[in-house]
Every structure is written in C-alpha cells, then in structure tokens.
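Structural description and commentary
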Amino acid sequence: MSAVADVVGKVVHKVRPMSTARKIALYAVITLVLYGAVIVIDNVFLVDMFGETSHPDLDVYRDRTQTILDGGLLYRDVHTETPPLINYILVPAQLLGGAEHDWVWSAYFSFFAFLLASIMYLFLRSHDEWKAYLVGAIVLLSPFTFIESGTGEDESIMAFVFLLSVLLMAFQHRHKASIVVGAGIWTKMFPILLAPVHILQQRNWKDRMMVVLIVLAATALIALPFIILCWDDFSFFLDFYFLGNDERPTGGSSIWHFLNMGGWGVPSIVQLGVLGVAMMFAYLYPYHKRWPVWPSVTLMILVFFAFYPKIHGGYWIILVALLSVWAVQDKRIFWRILLAFIPLILATAFALGEGTEPPVEFYGSWLLGFFLALIGLLMFADAVRLALKKGSFIDGTSNERNENIEQ
C-alpha cells in the first residue's frame, strides 16, 4: 500500500503544478490510451463474442445521419425515436467514416467524454483548481463513462449537454443556461428535467418568465419545422418518448424493467403518475429548503433514476458527474459511485434488450437482475445521502443546508 501511495504522491506532485492547458492535454492522453484500449478490445474481441447484439444502435445512427446527408427529413423519411438534434450532432461521425467503421462512432463518443471532463474542470476551477481537476478525472475515469463510450453508446453526448446546462445554471448564466436547456431538450430530452429547477432558482417572476420564454423560443426554433412538415410521425415520437404509449419499453438497469420481466409490471399511465408525484417532491423540497442548484439537481436526478422505467448504463454518468464534487473530498462517496458499476453492469446480463433475449437466462433470473439493479441504485442513493449531509467545495451554503436536513 505504501508503494502505491508513493506512486500516487509522485503523480500528484508532477500534475498539480501543471498549467491549465497541460492538464487538459493530460485528459486527452488518458482518453486516447484508456478509451482507445476499450475501443480496440470492443472491436477485436467483443464483436466476435456477441455478434449481432454488439453495437445495436450503430445501424440506427447510420440510417438517420445518412437520411440527413441525403436531404431527407427525420421522422417522415426514417423511423426516429429520439429528439432531432442528437441526430444532427452525430452527422460528423458518419462523415468521418462511421458509415463503414464501427470504431469511428466509439471514438466520437469518447471525444464527448473528454469534453465533459474538460468543462467540469474549467468551470469549477475558480472554486478550487486541484479539486476541480480531480472532478474531471473522476468523470473521465469512471467505468460508466469509458465503457459506454468505448463500446459505441452515445450517452456521453447526453451527459455533456446536461452537465453544461447545470454548470451554466450553477454559475448563474441565466440566459445561456436557458438556451442550452432549450436546445438540450431536443437533443436527448434529459435537460427538460432541469427546466423546473432553473425556473425555481430565479429570484423573481420576471426572471422566471424570461427563462420560460427562452426555453420555448429554442423549442419553437427546433421543433416547429418537424411539426409543420411531418406532424403525424413527430407526434408519435413525442407520445412514445414520454411514456404515453404502452409500447414504450422498459430497459437497461431499471428495477422496473426487471419487475416487468417477472410479470409485475404496471401500466404506463400508473407509472407516469408515480413518477410525477416523486418528481414533484424532488423539485419542491429543495426549493422549500432553499438549496442551491447543484444539490437540487442531484436529488432530482436520483429520484428520476429510481422511478423512470428505462435507465441505460450510460445515464449514470450524469449522477457520477454530479456526485464527483463531493467524491473528491469524501472517500465513502467516491467508492460508492465507483463500485456501483459492478452490480449495475451485472444486472444488464439478465435484462431483456429491445428485441433481444437476456445474455444470461434461467428460471427466476429476472429476480437476480432486479436485486443487482436495486443494489446499484441503493449505492448511489447512499452516496447522495452522504453528499447532501455536507457541503462540497463549490457549495458555500453547506452549513445552512445541513441544519435544514437535520431538522
């Protein structure tokens, strides 16, 4: 252990005094080495092991981006179950060789993981240079980030847009945050969860109305062309995406997915109602306690992940990034968000895919998957509990919030 501590100490001694540019360059080197290794392993070994079930979304990305390049219209000319902007963001990968090579997509998603780590560091360094750098490192080195990105999943883009919105909100760039939230809604929809927090954080109704107007303006600018040109197809996407359609699948490492597999699923309208009540609490409780942006969003995301029926592995990148500001100063939180990957990734081995059978299946295997997913969720929930009982290096009102929780 002392030898490991000596090595870590030497690394810290060399990295800590580096300039900002050189520290970001080190992020880039880590991305090339670590994510590059995952991409090689994935494309050389995992593709042969899993065959057609490997990279299930890449053909979808290719169809949608090529439709755009050919002058076609999403939803009308190609079946589309995602918001429009994410497909336009994916176009460069198709142009860079993604039409022929799977690894191009993985490299492209890895680039967004690098961008995510970099913006975390650059925004937060005004609070504490070294802790901010460690925050970015935690995000970049999280298995949720490098395994999902290196195996061709696009959640790093979603996490990047989401965290950019949170950072702008936390640093009180109200108009910029509103624009990014509005655009983010039509990238991966997750930023729509931030809109109530952003509105409630404003000090007066004038500012709140301005936030609403900017978000609506961004929505109109992006969505109106599809509403006008292909309303029927676009409305199906909206219905499907927001759980209004019973064909909307559960999936990933969601506990609700495994309950559904075991015959204990609930109708989508009931699930939507339960989710709505839980989210109302997640928004109003922090508002009542006057929490700042970061802990408010952290609690809200945990509640959403607990009750939403389709949670893929890459979605947890968001919670890892949010909790990293506490993890840099509390080893208990760090180990929880690191080790939670194990039960959550194991749970997916027992989960039905979209159109595919579970990789591992036996009588009652869904129950094992349920307990593994529940363990992972509880590890994150406990990390959030620990985080909300204390302040982070970016939170100047920790003592007040701690007193509110204890009361």
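Residues numbered from 1 in each chain as written. Predicted model: local features only at pLDDT ≥ 70, side-chain atom pairs only at ≥ 80, totals over all residues. Heavy atoms only, no water.

1. Section: the overall build of the chain
On a plain count of helices and strands, the chain comes out with 21 helices and two strands. Its C-alpha atoms give the chain a radius of gyration of 21 Å, within 12% of the compact-globule value 22 Å for 407 residues. Dimensions along the principal axes, computed over C-alpha positions, put the chain at roughly 55 × 55 × 45 Å. Each of the 407 residues in the chain was classed as buried or not, and the buried ones make up 51%. (Helix = DSSP H or I, 4+ residues; strand = E, 2+ residues; numbered from the N terminus. Rg over C-alpha atoms; globule rule 2.2 N^0.38 Å. Buried < 20%, exposed > 50% of the residue type's maximum accessible area, 1.4 Å probe, protein only.)

2. A word on the packing of aromatic side chains
Applying the stated criterion to the full structure yields 35 aromatic pairs. Ring centres of tryptophan 130 and tyrosine 133 lie 6.0 Å apart, and the angle between their planes is 25°; this geometry places the pair in the stacked category. Linking tryptophan 130 with tyrosine 133, this pair stays in helix 7 (residues 129–141), spanning three residues, or about one helical turn. On the basis of relative accessibility, which here comes to 4%, the residue tyrosine 133 falls in the buried class. With 5.7 Å between their ring centres and 90° between their planes, tyrosine 285 and tryptophan 291 make a pair best called edge-to-face. An aromatic cluster of three or more residues is present, and its members are Phe144, Phe190, Phe304, Phe305, Tyr308, Tyr315, Trp316, Phe341 and Phe380. Lying over the aromatic face of tyrosine 133, lysine 23 brings its terminal NZ or CZ to 5.7 Å of the ring centre. A cation over an aromatic ring shows up here: arginine 208 above the ring of tryptophan 205, its NZ or CZ 4.8 Å from the ring centre. (Phe/Tyr/Trp six-rings, centres within 6.5 Å; stacked < 30°, edge-to-face > 60°. Lys NZ or Arg CZ within 6 Å of the ring centre and 35° of its normal.)

3. Quick word on the environment of leucine 377
Along the polypeptide, leucine 377 turns up in helix 20 (residues 365–388). If we skip the residues at most four places from it in the chain, leucine 377 touches Ile255, Leu302, Ala306, Trp316 and Leu344. (Contact = heavy atoms within 4.5 Å.)

4. Observations concerning the side chain of threonine 31
Looking at where threonine 31 falls in the secondary structure, it is placed in helix 2 (residues 20–50). Among the residues examined, threonine 31 registers a relative accessible area of 10% and is labelled buried. Once residues within four sequence positions are removed from consideration, threonine 31 is found in contact with Gly36, Ser110, Phe114 and Leu140.

5. Points about unusual backbone geometry
Phi is positive for glutamine 172, close to 60°, though the residue is something other than glycine. Counting through the fold element by element, glutamine 172 comes out in the loop between helix 9 (155–170) and helix 10 (174–188). With a phi close to 70°, methionine 189 is a non-glycine residue in the positive phi region. Among the secondary structure elements, methionine 189 is positioned in the loop between helix 10 and helix 11 (194–200). For methionine 189, a relative accessible area of 5% corresponds to the buried category.

6. Thoughts on the environment of serine 165
For serine 165, the position within the fold is in helix 9. Residue classification places serine 165 among the buried residues on the basis of a relative accessible area of 0%. Taking the C-alpha atoms as reference points, serine 165 and alanine 113, separated by 52 residues in sequence, lie 16 Å from one another. Ignoring any residue separated from it by four or fewer positions in sequence, one finds serine 165 in contact with Ala177, Val180, Val181 and Leu194.

7. A word on the environment of lysine 289
Here lysine 289 is to be found in helix 15 (residues 268–289). When its relative accessible area of 16% is taken as the criterion, lysine 289 is described as buried. A C-alpha to C-alpha distance of 52 Å links lysine 289 and aspartate 70, two positions 219 residues apart in sequence.

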